[in-house]
Structure formats: structure tokens, C-alpha cells
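Listed below, chain by chain, are the residues.
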Amino acid sequence: MREDKNVIGGRLLPCSVSPRTGFYRDGCCNTGPEDVGMHVVCVQMTEPFLDFSREHGNDLSTPVPEHDFPGLAPGDRWCVCVARWREAVDAGVAPPVVLTATHEETLAVVTLDALKRHAVQDP
């Protein structure tokens, strides 16, 4: 079994189990062929990013009980699509990134330097 790696070359660590995130809802920003949106960037939510995402058609703040989605608040960690994160960078509202929980596939779309410029320290 292959171990997923993070963007800095280590083992991919969990992003969040409360709320439970990831395309596969396993708490990690794992990816696979079914994940066409590449939900591989572990971020810490901010109000500006939540507003930006809602304005661009993905309301992450509102709970959706039928999909077991609690809605997110500033400070929550969540695996987001790499393309949306890059758009947020361009718009000046990129949320902080948790490098140890961000999947190495992210590097196919954005540079490690860009991720490091927006990195949050792990506790």
C-alpha cells in the first residue's frame, strides 16, 4: 500500500477530523481518480476566503445536513480544491495552508514557494 506524501516530502498528516474533511471524508486531503476537483490543499478557513468561495458558487459556511456537512467557520481546517485556492491567491484572499496536511499532488498546480508564503504553523 502506497503512503501518501505531503508537499514537503513527509507522510500526509490529517487535515481535520472535526469537521471531517477530505474528498473521501477520511480527515486527510487524499486524492484519486474520482476526485476531479483535486481537494488536496489543507487550509485554515478565514472569513475573507469563506466569502470569496460563496461568491464563486461554493458556499462552505452553510450547513447541508443531507450531505452530513456542518458548514465551516473561520479557524476550521478543510481540504479545498487546488484551483480554488490558486484563484484565492490571485484575489488576495488565500487562506493559510497546513503544509504537512497538503497532498503532494498540489505541486502539479502551484509551487511550493507559493504554499510556503501562505503557510500556517502546525500546533
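Relevant structure appears above.
Residues numbered from 1 in each chain as written. Predicted model: local features only at pLDDT ≥ 70, side-chain atom pairs only at ≥ 80, totals over all residues. Heavy atoms only, no water.

A. Seen up close, the pairing of strand E2 (residues 77-81). Buried residues dominate E2, accounting for four of its five residues. Bridge analysis of strand E1 (residues 39-44) against E2 gives five bridges, and the strand direction is antiparallel. What sits directly across from Val43, in E2, is Trp78. (Buried < 20%, exposed > 50% of the residue type's maximum accessible area, 1.4 Å probe, protein only. Helix = DSSP H or I, 4+ residues; strand = E, 2+ residues; numbered from the N terminus. Pairing = 2+ DSSP bridges.)

B. Summary view of the side chain of Thr21. Tracing the chain through its elements places Thr21 in the segment before E1. Residue classification places Thr21 among the buried positions, given a relative accessible area of 0%. Excluding residues that lie within four positions of it along the chain, Thr21 makes contacts with Cys15, Ser16, Asp26, Gly27, Cys28, Arg77, Trp78 and Cys79. (Contact = heavy atoms within 4.5 Å.)

C. Focus on helix H1 (residues 47-55). Here H1 has its buried residues at Phe49, Leu50, Phe52 and Ser53. End-on, the buried residues of H1 take up no more than an arc of 160 degrees, which puts them together on one face. In this fold, the buried residues of H1 make contact with E2 and helix H2 (82-91). Between the side-chain oxygen of the N-cap and the backbone nitrogen of Phe49 there are 3.2 Å, and the N-cap of H1 in question is Thr46. One or two positions beyond H1, positive phi appears at Gly57, with a value near 95 degrees. (Arc of directions from axis to C-beta. Polar contact = N/O pair within 3.5 Å; in protein donor to acceptor, adjacent residues only side chain to side chain.)

D. View of the packing of aromatic side chains. All chains considered together, the criterion is met by three aromatic pairs. Relative to Phe52, the ring of Phe49 has its centre 6.5 Å away and its plane inclined at 35 degrees; by these criteria the two rings are tilted. Here Phe52 and Phe49 lie together in helix H1, a separation of three residues that amounts to about one turn. On the basis of relative accessibility, which here comes to 0%, the residue Phe49 falls in the buried class. Look at Phe69 and Trp78: their rings are 5.4 Å apart centre to centre, the planes differ by 70 degrees, and that puts the pair in the edge-to-face class. Pair check on accessibility: Phe69 and Trp78 agree, each one buried. (Phe/Tyr/Trp six-rings, centres within 6.5 Å; stacked < 30°, edge-to-face > 60°.)

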